[in-house]
Amino acid sequence: TALVAMSVTAAQADISIGGSASFEINDTASAQAYTTDGSIVFTSKNTTDSGLTLTAAHDMKFEGSATANDSYIDIAGSFGSLRLGNTDDSLDRMDGALPHNWDIEGSLALQANVGGDQTEENISFISPNISGVTLYGSTTANGDTNGMGISYSNGPVALVYQAGRVDGTLTTRADETMVGASFSAGAFKVGAGHNTADVIGGGKTKTNEVGATYTMGEITLVGLQSKSGASKYNSVGISYSIAPGFSFSAESAELNTGTAATSDSETYMGLHVSF
């Protein structure tokens, strides 16, 4: 906004990015906490013919909160990758064989991944890929939510296995395992996943999902069906690449829990610009 107000374009301006970032562990007698802190500063400078220097700056918080989608430090090398902060953990980043990841919107989907979508501060490690095999693990503070996994990919085949403990209330804390597989053949891709959640002091819940995609030029069709206990979910969607960086997507989905109060349906449409 500031750049527009000053009529400064990227071609005219000298744009720089700077700032600082920290991942912190605070361990007291009562609890342990992970936090990220710091800021990222975008600065644009332009000098007019008359010698005036025009500066536009934006200081964005580098913190795990609603102000940012992700904030983390990543250290990568021949040993693998160590990531610390508020972002998807390694189990989330390595479960691409599960069909719910192909869903267009998926806000109602019943997911077979371990721990759902991770939103807490965490420490994650992913090993190098050796002959198609990758090992990885992650933990939140105090080990409340933690897990390990192994993934294998070779051409059109992708396999994944994960196990972990997902913290929650005394009635929802669970040990979970997941297996998933996908296979690609030309324009088609199919996949399936299975999760077993064993609630500590309670019962077991099993979640299954199957899905497929088909690509025709700039159009991709997606279908997903999943089941968890008495709940069932199904969806069909389409995405269309109109031009580079410009696309449209739509999806129709339905969640049936067997109870009118918690069942839901969704029609989604989106127009997307990327740069």
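Computed from a prediction, not measured in an experiment: that's the story for all the values here.

Caption draft 1: View of the overall build of the protein chain. Across its full length, the protein chain carries 2 helices and 16 strands. Each principal axis of the C-alpha distribution contributes one length, and for the protein chain these read about 75 × 55 × 50 Å. Within the span of the protein chain, comprising 275 residues, buried residues form 33% of the whole. A separation threshold of at least 6 residues defines the contact pool for the protein chain, and within that pool the share at least 24 residues apart is 43%. For the protein chain, the accessible surface area stands at approximately 15400 Å², while carbon and sulfur atoms represent 57% of it. Counting 11 positive and 29 negative side-chain charges, the protein chain places the averaged centre of each group 8 Å from the other.

Caption draft 2: Just the confidence of the model for the protein chain, in detail. With 91% of its residues at a pLDDT of 70 or more, the protein chain has an overall mean of 87. Throughout residues 1-8 the model reports pLDDT below 50, and contacts reaching past four residues in sequence, or to other chains, amount to 11 contacts.

Caption draft 3: The packing of aromatic side chains, seen in detail. Within the structure shown, the criterion is met by 2 aromatic pairs. Seen from their ring centres, Phe188 and Tyr214 are 4.5 Å apart, and the 40 degrees between their planes marks the pair as tilted. With a gap of 26 residues between them, Phe188 in strand β11 (residues 188-199) and Tyr214 in strand β12 (residues 204-216) connect regions that are remote in the sequence. Assessed through its relative accessible area of 48%, Phe188 is described here as partly exposed. In this arrangement the basic side chain of Lys189 is found over the ring face of Trp102, its NZ or CZ atom lying 4.4 Å from the centre.

Caption draft 4: Representation of the side chain of Glu266 in the model. Here Glu266 shows up in strand β16 (residues 264-273). No salt bridge is formed by the buried Glu266; the nearest opposite charge belongs to Lys189, separated by 19 Å. There is a polar contact of 2.7 Å between the side chain of Glu266 and the side chain of Ser107.

Caption draft 5: Highlighting the sheet that holds strand β1 (residues 14-27). The strand order β1-β2-β3 describes an open sheet built from 3 strands, whose pairing is antiparallel. Two strands bound the open sheet, and with one partner strand each, they are β1 and β3 (53-61). Strand-to-strand twist in this sheet, taken as the mean axis angle between neighbours without regard to direction, amounts to 10 degrees. When strand β2 (residues 32-47) meets β3, the two strands line up antiparallel, connected through 9 bridges.

Caption draft 6: Looking closely at the pattern of salt bridges. All chains considered together, the criterion is met by 3 salt bridges. A salt bridge links Arg83 to Asp74; the shortest N-O distance between them is 2.7 Å. Arg173 is the salt-bridge partner of Asp167, the closest N and O atoms lying 2.3 Å from each other. You can call Asp167 partly exposed: its relative accessible area is 28%.

Caption draft 7: Broad picture of the pairing of β2. Here 14 bridges tie β1 to β2, and the two strands are oriented antiparallel to one another. Note that in β2 the partner of Asn26 across the bridge is Ala33. What sits between β1 and β2 in their antiparallel hairpin is a turn of 4 residues.

Caption draft 8: Spatial organisation of the nonpolar core. Core analysis: the largest hydrophobic core is formed by 9 residues, namely Leu91, Ala97, Leu98, Val114, Ile126, Tyr136, Val160, Val166 and Met178. When near neighbours in sequence (up to four residues on either side) are disregarded, Val160 contacts Met94, Ala97, Tyr136, Ile150, Ser151, Met178, Val179 and Gly180. Core analysis: the second largest hydrophobic core is formed by 7 residues, Leu108, Tyr233, Ala253 and Leu255 among them.

Caption draft 9: Here's a closer look at unusual backbone geometry. If you check the backbone angles, Ser131 has positive phi at about 55 degrees while not being a glycine. Positive phi outside glycine occurs at Asn142, with the angle close to 65 degrees. Here Asn142 shows up in the loop between β7 (133-139) and β8 (146-154). Classification of Asn142 as partly exposed rests on a relative accessible area of 46%.

Caption draft 10: Just the pairing of strand β6 (residues 121-126), in detail. Relative to β6, strand β5 (residues 80-86) runs antiparallel, the two sharing 6 bridges. What sits directly across from Leu84, in β6, is Ile123. Where β6 lies against β7, 4 bridges are found, and the strand directions are antiparallel. Note that in β7 the partner of Ile126 across the bridge is Tyr136.

Thresholds applied
Residue positions are counted from 1 within each chain, in the order its sequence is given. Thresholds applied to this predicted model are a pLDDT of at least 70 for local features of residues and 80 or more for the giving and counting of side-chain atom pairs; totals over whole chains, interfaces and linings are not thresholded and use all residues. Excluded from the side-chain calculation are hydrogens and water; included are all heavy atoms of the structure. Numbering of helices and strands runs from the N terminus, with a helix taken as a DSSP run of H or I at least four residues long and a strand as a DSSP run of E at least two residues long. Note on classification: 1.4 Å probe, protein chains only; a residue is buried when its accessible area is under 20% of the maximum for its type, exposed when over 50%, partly exposed between these limits. In what follows, residue pairs with any heavy atoms lying within 4.5 Å of each other are defined as contacts. Where accessible areas are quoted, they stem from the Shrake-Rupley method and a 1.4 Å probe; at the residue level, only the protein chains shown are allowed to cover. The sign given to each residue is positive for Lys and Arg and negative for Asp and Glu; His and the chain ends receive no count. For this purpose, a charge sits on NZ of Lys, CZ of Arg, CG of Asp or CD of Glu. On a range of 0 to 100, pLDDT expresses the predictor's confidence in each residue. We call Phe, Tyr and Trp rings a pair once their centres come within 6.5 Å, taking the six-membered ring for Trp, and we label the pair stacked below 30 degrees between planes, edge-to-face above 60, and tilted otherwise. By definition, being over a ring means that NZ of Lys or CZ of Arg is both within 6 Å of the ring centre and within 35 degrees of the ring normal. One side-chain nitrogen of Lys or Arg within 4 Å of one carboxyl oxygen of Asp or Glu is enough to make a salt bridge. For this analysis, a polar contact is any N or O atom pair within 3.5 Å, provided that within protein one partner can donate a hydrogen and the other can accept it, and provided that sequence-adjacent residues contribute only side-chain to side-chain pairs. Think of it this way: DSSP has to see at least two bridges between two strands before they count as a pair. Axis definition: a line fitted to C-alpha atoms, limited for helices to the stretch in contact. Angles are taken between N-to-C directions and run from 0 to 180 degrees. Note on terminology: a nonpolar core comprises buried Ala, Val, Leu, Ile, Met, Phe, Trp, Tyr and Cys residues joined through side-chain atoms within 4.5 Å.

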